[in-house]
Amino acid sequence: QSALTQPASVSGSPGQSLTISCTGTSSDIGGYDFVSWYQQHPGRAPKLIIYAVRNRPSGVSNRFSGSKSGNTASLTISGLQAEDEADYYCNSYRRTHTHGVIFGGGTKLTVL
Amino acid sequence: QVHLVESGGGVVQPGGSLRVSCEASGFAFSSHSMHWVRQAPGKGLEWVAVIQNDGRNEFYADSVKGRFTISRDNSKSTLYLQMDTLRTEDTAVYYCAKEGGTGWSCFDNWGQGTLVTVTS
């Protein structure tokens, strides 16, 4: 099962906005709105920050937003802060010969 | 407040077996599908398996199908992962995750993880 494609790393300065892409296929991202994003700090469990493409759980900053176009989902972080430095993962429901979930390879965000 | 606590990790030889558990509290366990997700040291997240709320259906990643079995005991609010025929590449932190109301890929709560090391 090949992972969804994310850039290995991105970087930005405090206050800037940046976008992390997540590319899949019509069997996952392109076919369903079951796309989520997670933030993971070193040594910690992942934390859900976006679900169902563009929805934020209660308590998550509105600086995080999600979108989707075709087979690619995107996470945008605005007003970058030092605390945003972390690994970010997308995932999606995938329907092939069975049902499953597929993750992206992860993106390391560095705040300069 | 949702709480997920994994246990049972440890060191096992290739070809061996291990069962990890996840004790849940703070929510209606029997109303939610539950997942296992793993993370090899220094690597990304990999989905392992899901079991529906009533335990009737289970689905697995190709990498573990036929070797791992997910199960649950709703009377004990506990999720399990029985891992057989373990390989060195199964070495990872194993997280249990609660599926949110919107389904499948929405893991709205995670445990702290339990480390499984497969080595000779």
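Numbering of residues begins from 1 in every chain and follows the order in which that chain's sequence is written. Written order decides the labels, with chains lettered from A and ligands numbered from 1. It should be noted that, the model being predicted, local features are given only for residues of pLDDT at least 70 and side-chain atom pairs only at 80 or more, the latter also being counted only at that level, while totals for whole chains, interfaces and linings use all residues. The basis for every side-chain value is the complete set of non-hydrogen atoms in the structure, without hydrogens or water.

A.B. asks: I'd like a description of the overall build of chain A, backed by residues and values.
C.D. replies: Where helices and strands are cited, they refer to DSSP runs of H or I of at least four residues and of E of at least two residues respectively, numbered from the N terminus. Within chain A, the regular secondary structure consists of zero helices and nine strands. The order of α-helices and β-strands along chain A, N terminus first, is β-β-β-β-β-β-β-β-β. Principal axes of the C-alpha set define a box for chain A whose edges measure 45 × 25 × 25 Å. Counting over 112 residues, chain A shows a buried share of 46%. By the convention used here, residues are in contact when the closest approach between their heavy atoms is within 4.5 Å. Considering only residue pairs separated by 6 or more positions, chain A has 56% of its internal contacts joining residues 24 or more positions apart. Per-residue and other accessible areas were derived by the Shrake-Rupley procedure at a 1.4 Å probe size, with only the shown protein chains allowed to occlude residues. Per element, the accessible surface of chain A, about 4900 Å² overall, is 45% carbon and sulfur. Taken together, the 9 basic and 6 acidic charged side chains of chain A have centroids lying 6 Å from each other. Exposure categories follow from relative accessible area, calculated using a 1.4 Å probe and restricted to protein chains: below 20% of the type maximum is buried, above 50% is exposed, and the middle band is partly exposed. The charged-residue count follows a simple rule in which Lys and Arg add positive charge and Asp and Glu add negative charge, with His and chain termini not counted at all. Charge positions are represented by NZ for Lys, CZ for Arg, CG for Asp and CD for Glu.

A.B. asks: Now, about the layout of surface pockets: what can you tell me, with residues and values included?
C.D. replies: The volume enclosed by the largest pocket comes to roughly 480 Å³. Cavities and pockets are defined on a 1 Å grid built over the protein atoms alone: a cavity is a set of grid points where a 1.4 Å probe fits but cannot escape, while a pocket is an open set with protein on both sides within 12 Å along at least five of seven lines, and lining residues are those with an atom within 4 Å of any such point. Considering the residues around the largest pocket, the lining is formed by 25 residues, among which A:Ala45, A:Pro46, A:Lys47, B:Asn109 and B:Trp110 are closest to the centre. Breaking the lining of the largest pocket down by element, the ones donating at least two residues are β3 (35–40) and β4 (47–50) of chain A together with β1 (3–7) and β10 (107–110) of chain B. Grid points are joined across faces, edges and corners, and a volume is the space filled by probe spheres set on the points.

A.B. asks: So what's going on with the environment of A:Leu4? Residues and values would help.
C.D. replies: Its place among the elements puts A:Leu4 in the segment before β1 (9–12). The exposure class assigned to A:Leu4 is buried, which follows from its relative accessible area of 2%.

A.B. asks: Account for unusual backbone geometry, naming residues and giving values.
C.D. replies: Backbone geometry at A:Ala52 places phi at a positive 45°, although glycine is not the residue there. Inspection of the secondary structure assignment puts A:Ala52 in the loop between β4 and β5 (64–69). Its identity as a non-glycine residue notwithstanding, B:Thr85 has a phi of 45°, on the positive side. With relative accessibility at 46%, the residue B:Thr85 sits in the partly exposed group.

A.B. asks: So, the packing of aromatic side chains: which residues are in play, and what are the values?
C.D. replies: Each Phe, Tyr or Trp ring, with Trp reduced to its six-membered ring, pairs with another whose centre is within 6.5 Å; inter-plane angles below 30 degrees give stacked pairs, above 60 give edge-to-face pairs, and intermediate values give tilted ones. Applying the stated criterion to the full structure yields 12 aromatic pairs over all chains. For the ring pair A:Tyr32 and A:Tyr93, a centre distance of 4.8 Å and an interplane angle of 85° mean the geometry is edge-to-face. With A:Tyr32 in the loop between β2 (18–23) and β3 and A:Tyr93 in strand β7 (residues 86–95), this residue pair connects regions lying 61 residues apart in the sequence. By relative accessible area, which is 27% here, A:Tyr32 ends up partly exposed. With relative accessibility at 5%, the residue A:Tyr93 sits in the buried group. Put simply, a charge is over a ring when the Lys NZ or the Arg CZ is close to the ring centre, within 6 Å, and near the line of the ring normal, within 35 degrees. One Lys or Arg, B:Arg72, reaches over the ring of B:Phe29 and ends 4.3 Å from the middle of that ring. In this structure, B:Lys98 packs its charged tip against the face of B:Phe27, placed 5.5 Å from the ring centre.

A.B. asks: Quick rundown of the interface of chain B and chain A? Include the residues and the values.
C.D. replies: Chain B puts 21 residues into the contact, and the matching count from chain A is 22 residues. Interface of chain B and chain A: buried area, both sides summed, is about 1800 Å²; carbon and sulfur atoms make up 65% of it. A 1.4 Å probe defines the accessible area here, and the buried area is the portion of it lost by two parts on being joined, summed over both. Looking only at chain B, the three residues that lose the most surface to chain A are B:Leu45, B:Trp104 and B:Ser105, adding up to 33% of its buried area. What qualifies as a polar contact is a pair of N or O atoms within 3.5 Å, subject to a donor-acceptor requirement within protein and to the restriction that residues adjacent in sequence count only when both atoms come from side chains. Run the count over chain B and chain A and you get eight residue pairs in polar contact (both at pLDDT 80 or more). Here the side of chain B that touches chain A is composed, by residue class, of 10 nonpolar, seven polar and four charged. Note on residue classes: Ala, Val, Leu, Ile, Met, Phe, Trp, Tyr, Cys and Pro are nonpolar, Asp, Glu, Lys and Arg are charged, and everything else, Gly too, is polar.

A.B. asks: So what's going on with the sheet that holds β2(A)? Which residues, and what values?
C.D. replies: All names here are of chain A. Strands are treated as partners if at least two bridges between them are detected by DSSP. An order of β2-β6-β5 is seen for the three strands of this open sheet, with the pairing classed as antiparallel. Strands at the two margins of the open sheet, each flanked by one partner only, are β2 and β5. Here the average twist between neighbouring strands, direction ignored, is 20°. In this analysis, axes come from line fits to C-alpha atoms, helices being fitted only over the stretch in contact, and the angle between any two N-to-C directions falls in the range 0 to 180 degrees.

A.B. asks: Break down the state of the cysteines for me, with residues and values.
C.D. replies: The term disulfide is used for any two cysteine sulfur atoms that are within 2.5 Å. The final tally for this structure, using the stated rule, is two disulfides over all chains. The disulfide bridge from A:Cys22 ends at A:Cys90, spanning 2.0 Å between sulfur atoms. Judged by the sign of its S-S torsion, about 75°, the cystine formed by A:Cys22 and A:Cys90 is right-handed. With A:Cys22 in strand β2 and A:Cys90 in strand β7, this pair connects stretches of sequence that are 68 residues apart. A:Cys22 gets classed as buried once you look at its relative accessible area, which sits at 0%. Owing to a relative accessible area of 0%, A:Cys90 belongs among the buried residues under this scheme. With its sulfur 2.0 Å from that of its partner, B:Cys22 forms a disulfide with B:Cys96.

Function cannot be inferred from these measures alone, as they are strictly geometric.
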